[in-house]
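Spelled out, the chains give:
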Amino acid sequence: MYCTSCGAENVSGSNYCHNDGTSLHQSRMTASTTKTASFCSGCGESVSPQHNYCASCGTSQMKMEAATSARDTKNSFAEGKETGRSGFNFNKLDWKTSAWTALISVGIALALSLLSFLFINTAVNDSVALPEGEETAISAATNDIFQELETEMGVSLPEPPNIIGFFDYFVLAHMSSPEIVADVTGSYMGDEESVEAEIAINHGFLAFLFIPFIALFIGGMYLAKRTANTNNIDRLQYVGLSSLLYAIVLAFISLFAGFRYSVDESSSDLSVDGSIVLQYSFFSTLLFAFLLGMIPLMFGLLTQAIREKKSIGYNHYFYKAITTGLGMFVGLSAIAFLFLAFGDTFEEWRLNNDFTWSMTVVFFFVMACQLGFTVLSLLHFGSVKVSNEQIVDSYSLFGGTLKDEYLRQTLMDFNFYANIEFYLQLFILVPILVFLYIGYRLSKRSGTFVQPILIFSLIYSVFIAVIAVLGTNSYEFMVQNFAGRSEVMENGVSVRVPFFRLFFFSFLFSSVVTYAGTWIRTVFNEKS
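Residues numbered from 1 in each chain as written. Predicted model: local features only at pLDDT ≥ 70, side-chain atom pairs only at ≥ 80, totals over all residues. Heavy atoms only, no water.

1. So, the overall build of the protein
The secondary structure content of the protein amounts to 15 helices and 10 strands. Looking at the protein as a whole, 41% of its 528 residues are labelled buried. Considering only contacts in the protein between residues 6 or more positions apart, those separated by 24 or more positions represent 69%. Of the roughly 28300 Å² of accessible surface on the protein, a fraction of 61% belongs to carbon and sulfur atoms. (Helix = DSSP H or I, 4+ residues; strand = E, 2+ residues; numbered from the N terminus. Buried < 20%, exposed > 50% of the residue type's maximum accessible area, 1.4 Å probe, protein only. Contact = heavy atoms within 4.5 Å. Areas by Shrake-Rupley, 256 points an atom, 1.4 Å probe, with all protein chains shown as cover.)

As structure tokens, this is what we get:
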């Protein structure tokens with residue numbers, strides 16, 4: 001039962017709202033009339049049941065009665081329905097509000113991307129001795145490769161492209177993955193050969209995701225202020241529309257990212273004709289950004305609503321689920337960063353790779369986010385799978401150690417793998433304590449807590465599993481018609497956490513432990 005004034009959830013059968021005291025029942029007057037008793041209420045004289053008025057004093061014997069219909073009323077704010085309409089209706093939305101929300105979010109994301117892009121470029125350039133005339137380490141490395149090709153082939157190649165520009169960085173920060181396609185035909189001493197190659201990359205570095213998340217979170221807070229008097233269904237439509245407009249802008253920006261390099265050169269013995277294209281799919285970028293944008297927009301909107309002390313009905317459990325998942329991810333990433341930064345690994349890595357302090361901090365921040373996501377997945381009984389054309393290996397909390405010697409040695413280099421089981425057994429207490437506390441709080445908030453627990457666990461599990469999908473790192477390399485052979489050569493590597501396994505165990509783990517937390521209040525009440 002929900003309050004029609006503030007949207008707060010109340011125990012079924014309550015007469016008044018526990019939050020603001022509003023009556024939870026609606027009354028209405030009916031026109032029914034009944035005859036009074038056999039004596040006049042005015043003078044006390046006997047009155048015949050057939051008479052409408054008293055013969056002695058003229059008092060009416062008809063009585064108007066107020067019939068009260070006590071019905072449960074669900075608040076339009078909590079349920080998302082207004083009088084006379086229900087469901088989605090985009091025609092009644094103020095498109096300017098969504099447009100401004102999207103533009104503000106894009107502007108903040110561009111500003112954050114530019115600052116981090118300049119910082120990373122400066123850190124990389126400071127770590128490399130740049131040749132005279134070169135502005136960035138990436139351009140210097142690219143020019144070195146092309147100069148070697150020119151020397152070996154004996155031809156003059158066009159100026160190489162700028163491989164990673166600002167628009168590339170901005171699109172990559174939204175976890176959009178590029179595809180590289182090469183189609184080259186050449187001949188040497190009359191022998192002609194062709195190469196067709198495709199490289200699909202999924203970078204999966206979650207550290208970059210903070211840029212759009214912060215931008216869209218602020219956009220969601222702005223949207224909350226502009227839609228303060230709107231019910232939840234309309235607010236959800238505003239979130240969807242704002243996210244769509246944001247995704248459209250990002251998809252158009254992706255058209256300016258990437259590069260196309262064409263070559264058509266020949267010498268007395270050698271000729272080369274072909275192109276290399278790095279591009280981002282417009283429609284996949286659009287779809288991915290739309291789905292990705294809804295979570296931080298909704299999170300920012302609910303945060304602002306709570307700051308203004310407005311009830312958000314069942315959306316409270318959405319907010320609690322995202323806050324819990326995000327808090328554990330950030331907390332574990334921070335612990336991982338401190339573990340790496342204050343150990344011997346930091347200084348050893350910096351010296352071995354000739355990195356500056358700023359470059360080492362950037363590298364370890366990215367690695368800490370990946371490590372935090374990996375530990376978070378393992379603590380929810382997920383598994384980390386590593387595979388390429390030679391290795392298929394996995395690790396889970398109760399699945400034993402990695403079998404591949406190379407993978408074990410790689411993790412040993414970070415001084416982490418040797419004690420990984422100890423750390424996991426220690427940190428498994430973190431989600432357990434968090435879920436117990438949430439269960440305790442839910443039992444205080446509502447008398448009926450099974451449905452809220454299921455809603456919380458479902459949203460929380462989806463959020464954790466989505467992070468796992470975003471954190472997947474992989475690349476696939478395929479070559480056709482190489483060196484006169486028509487067969488296909490494939491290569492690739494993937495580091496991922498299976499979505500459905502993590503979702504299932506996260507839901508089971510969170511719902512069971514959260515339900516157990518509801519008994520804490522019961523035990524305390526019995527003792528008191």
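2. Notes on the environment of L250
In this fold, L250 is placed in helix 6 (residues 232-254). When its relative accessible area of 2% is taken as the criterion, L250 is described as buried. As for L250 and L286, which are separated by 36 residues in sequence, their C-alpha atoms are 7.1 Å apart. Beyond its immediate chain neighbours, meaning those up to four positions away, L250 contacts F170, V171, H174, T285 and A289.

3. A few points about unusual backbone geometry
Even without being a glycine, M175 presents a positive backbone phi close to 65 degrees. Along the polypeptide, M175 turns up in the loop between helix 4 (166-172) and strand 3 (179-188). M175 gets classed as buried once you look at its relative accessible area, which sits at 6%. Within the chain, F381 stands out as a residue other than glycine whose phi angle is a positive 65 degrees. Tracing the sequence through the fold places F381 in the loop between helix 10 (357-379) and strand 7 (383-388).

4. Comments concerning empty space enclosed by the protein
The full count for this structure, using the stated rule, is two cavities of 30 Å³ or more. Here the largest cavity defines a volume of roughly 230 Å³. Lining the largest cavity we find 15 residues, and of these L209, F213, L326, F463 and L470 sit closest to its centre. Secondary-structure elements contributing two or more residues to the lining of the largest cavity are helix 5 (210-226), helix 7 (282-307), helix 8 (315-341) and helix 14 (450-470). Each residue belonging to the lining of the largest cavity can be placed in one class, and the counts come to 15 nonpolar, no polar and no charged. (1 Å grid on protein atoms, 1.4 Å probe; cavity = no way out; pocket = protein on both sides within 12 Å on 5 of 7 lines; lining within 4 Å. Points joined across faces, edges and corners; volume = space filled by probe spheres on them. Nonpolar A, V, L, I, M, F, W, Y, C, P; charged D, E, K, R; others polar.)

5. Here we look at the packing of helix 5 against helix 6
Between two packed helices, the angle of one axis relative to the other and the distance separating the axes together describe the packing. Following both chains from N to C, one finds helix 5 and helix 6 inclined at 140 degrees, their axes separated by 11 Å at the closest point. One way to sum up the angle between helix 5 and helix 6 is to call them oblique. The chirality of how helix 5 crosses helix 6 is right-handed. Within the contact between the two elements, helix 5 uses P212, L216, L223 and A224 and helix 6 uses R235, Y238, V239, S242 and Y246. Here the residues of the contact of helix 5 with helix 6 are counted per class, giving seven nonpolar, one polar and one charged. (Axes fitted to C-alpha atoms, helices over the stretch in contact; angles between N-to-C directions. Parallel < 35°, antiparallel > 145°, perpendicular 65-115°, else oblique. Left-handed = near helix turned anticlockwise from the far one by under 90°.)

6. Some remarks on the side chain of S242
Checked against the element boundaries, S242 lands in helix 6. Within polar-contact distance, the side chain of S242 engages the side chain of S98 at 3.4 Å. The contacts of S242, once residues within four sequence positions are left out, are S98, T101, A102, L223 and L297. (Polar contact = N/O pair within 3.5 Å; in protein donor to acceptor, adjacent residues only side chain to side chain.)

7. Some points on the packing of aromatic side chains
As enumerated under the stated definition, the model contains 23 aromatic pairs in all. Note on F167 and F256: the rings are 6.3 Å apart at their centroids and 50 degrees apart in plane angle, and the pair reads as tilted. Here F256 lies in the loop between helix 6 and strand 5 (259-266) and F167 lies in helix 4, a separation of 89 residues in the sequence. You can call F167 partly exposed: its relative accessible area is 35%. Look at Y515 and W519: their rings are 6.3 Å apart centre to centre, the planes differ by 75 degrees, and that puts the pair in the edge-to-face class. Highlighted residues: Y515 and W519, both in helix 15 (residues 499-527), separated by four residues, approximately one helical turn. Classification of Y515 as partly exposed rests on a relative accessible area of 36%. (Phe/Tyr/Trp six-rings, centres within 6.5 Å; stacked < 30°, edge-to-face > 60°.)

8. So, the confidence of the model for the protein
Confidence along the protein averages 75 in pLDDT terms, with 62% of residues attaining 70 or more. Per-element confidence in the protein is highest for helix 5, whose mean pLDDT is 92, and lowest for helix 1 (residues 76-79), whose mean pLDDT is 39. Scored below 50 in pLDDT, residues 26-33 shows 19 contacts in the model against residues more than four places distant or in partner chains. A low-confidence stretch, residues 64-86 stays under pLDDT 50, and its non-local contacts, those more than four residues away or across chains, total 56 contacts. (pLDDT = per-residue confidence, 0-100.)

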